[in-house]
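So you can see what is in the structure, the chains are spelled out below.
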Amino acid sequence: MSKRKIFLTGVDAAGELILSDGKKTKVGSKWDQRERTVKWKKRTSKVKAFKIVAKTFHNPFESSPPPDFVEKKLELTVIKNQPEIEWEYTIHWIDEDNNHHTPDPIISISP
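Cut-offs and rules
- Residues numbered from 1 in each chain as written.
- Predicted model: local features only at pLDDT ≥ 70, side-chain atom pairs only at ≥ 80, totals over all residues.
- Heavy atoms only, no water.
- Helix = DSSP H or I, 4+ residues; strand = E, 2+ residues; numbered from the N terminus.
- Rg over C-alpha atoms; globule rule 2.2 N^0.38 Å.
- Buried < 20%, exposed > 50% of the residue type's maximum accessible area, 1.4 Å probe, protein only.
- Contact = heavy atoms within 4.5 Å.
- Areas by Shrake-Rupley, 256 points an atom, 1.4 Å probe, with all protein chains shown as cover.
- Lys, Arg positive; Asp, Glu negative; His and termini not counted.
- Charge placed at Lys NZ, Arg CZ, Asp CG, Glu CD.
- Pairing = 2+ DSSP bridges.
- Salt bridge = Lys/Arg side-chain N within 4 Å of Asp/Glu carboxyl O.

Novice: Please explain the overall build of the protein as it appears in this structure.
Specialist: Helices and strands together make up the secondary structure of the protein, namely one helix and nine strands. Mapped in sequence order, the helices and strands of the protein form the string β-β-β-α-β-β-β-β-β-β. A globule of 111 residues ought to have a C-alpha radius of gyration of about 13 Å, and the protein, at 14 Å, matches this closely. The principal-axis extents of the C-alpha atoms in the protein amount to approximately 40 × 30 × 20 Å. Each of the 111 residues in the protein was classed as buried or not, and the buried ones make up 43%. Intrachain contacts of the protein at a sequence separation of at least 6 include 60% that bridge at least 24 residues. Approximately 6200 Å² of the protein is accessible, and the part contributed by carbon and sulfur atoms is 48%. Positive and negative side-chain charges of the protein, numbering 20 and 16 respectively, have mean locations separated by a distance of 6 Å.

Okay, here's the thing in structure tokens:
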């Protein structure tokens with residue numbers, strides 16, 4: 001298998017960010033490293049930059065999401081044998097007019 005890919009594909013009529021995973025991705029913590037890696041990638045000019053922000057103190061990834069906005073992509077790898085968790089996070093994103101937005105997707109991690 002390959003990385004879990006979440007594409008930021010556009011913005012709907014209500015101004016909500018459209019994600020290719022429907023705002024919920026599943027990852028197995030016992031999978032090999034490549035399969036445990038989640039990749040967010042921008043595929044629309046309507047999003048200028050984005051960053052991932054945890055909604056809880058627990059970080060299920062090998063490293064913390066960077067605090068700065070990224071313009072193209074971000075990759076994080078789930079910790080090997082991470083206990084089951086539904087990790088709630090926010091994608092802070094900036095639109096082409098420099099307005100800030102914050103949808104709340106979920107990463108579902110299972111053993």
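The discussion continues.
Novice: Please clarify how the pairing of strand 4 (residues 37-42) should be interpreted in this entry.
Specialist: Along any regular strand, the residues point their side chains to alternate faces of the sheet. Two strands pair when backbone bridges link them, and strand 1 (residues 4-11) and strand 4 are joined in this way by five bridges, in the parallel orientation. The partner of Phe7 across the bridge, within strand 4, is Lys41. As paired elements, strand 4 and strand 6 (residues 73-77) share five bridges and run antiparallel to each other. Pairing of Lys41 across the sheet is with Lys73, part of strand 6.

Novice: What should I look at first to understand the environment of Val27 in this one?
Specialist: If you trace the backbone, Val27 turns up in strand 3 (residues 24-28). Using a relative accessible area of 1% as the deciding quantity, one classes Val27 as buried. Through-space distance from the C-alpha of Val27 to that of Pro111 is 8.6 Å; in sequence the pair is 84 residues apart. The contact partners of Val27, leaving out residues within four places of it in the chain, are Arg4, Glu35, Arg36, Val38, Val78, Ile107, Ser108, Ile109 and Ser110.

Novice: Is there a simple way to think about the pattern of salt bridges in this case?
Specialist: It is possible for side chains bearing opposite charge to pair when their charged atoms get close. Taken as a whole and assessed by the stated rule, the structure comprises six salt bridges. In this structure, Lys3 engages Glu75 in a salt bridge whose closest nitrogen and oxygen atoms are separated by 3.0 Å. In this pair, Lys3 is assigned in the segment before strand 1 and Glu75 in strand 6, connecting sequence segments 72 residues apart. For Glu75, a relative accessible area of 34% gives the class partly exposed. A salt bridge links Lys46 to Glu96; the nearest nitrogen and oxygen atoms lie 3.9 Å apart.

Novice: Would you mind going over unusual backbone geometry with me for this structure?
Specialist: Excluding glycine, residues mostly have negative phi values, and the peptide bonds linking residues are mostly trans. Here Lys23, not a glycine, exhibits a phi torsion of approximately 75°, which is positive. Looking at the secondary structure, you find Lys23 in the loop between strand 2 (17-19) and strand 3. Overall, the relative accessible area of 27% leaves Lys23 in the partly exposed class.

Everything listed here is a matter of geometry and, on its own, says nothing about what the molecule does.
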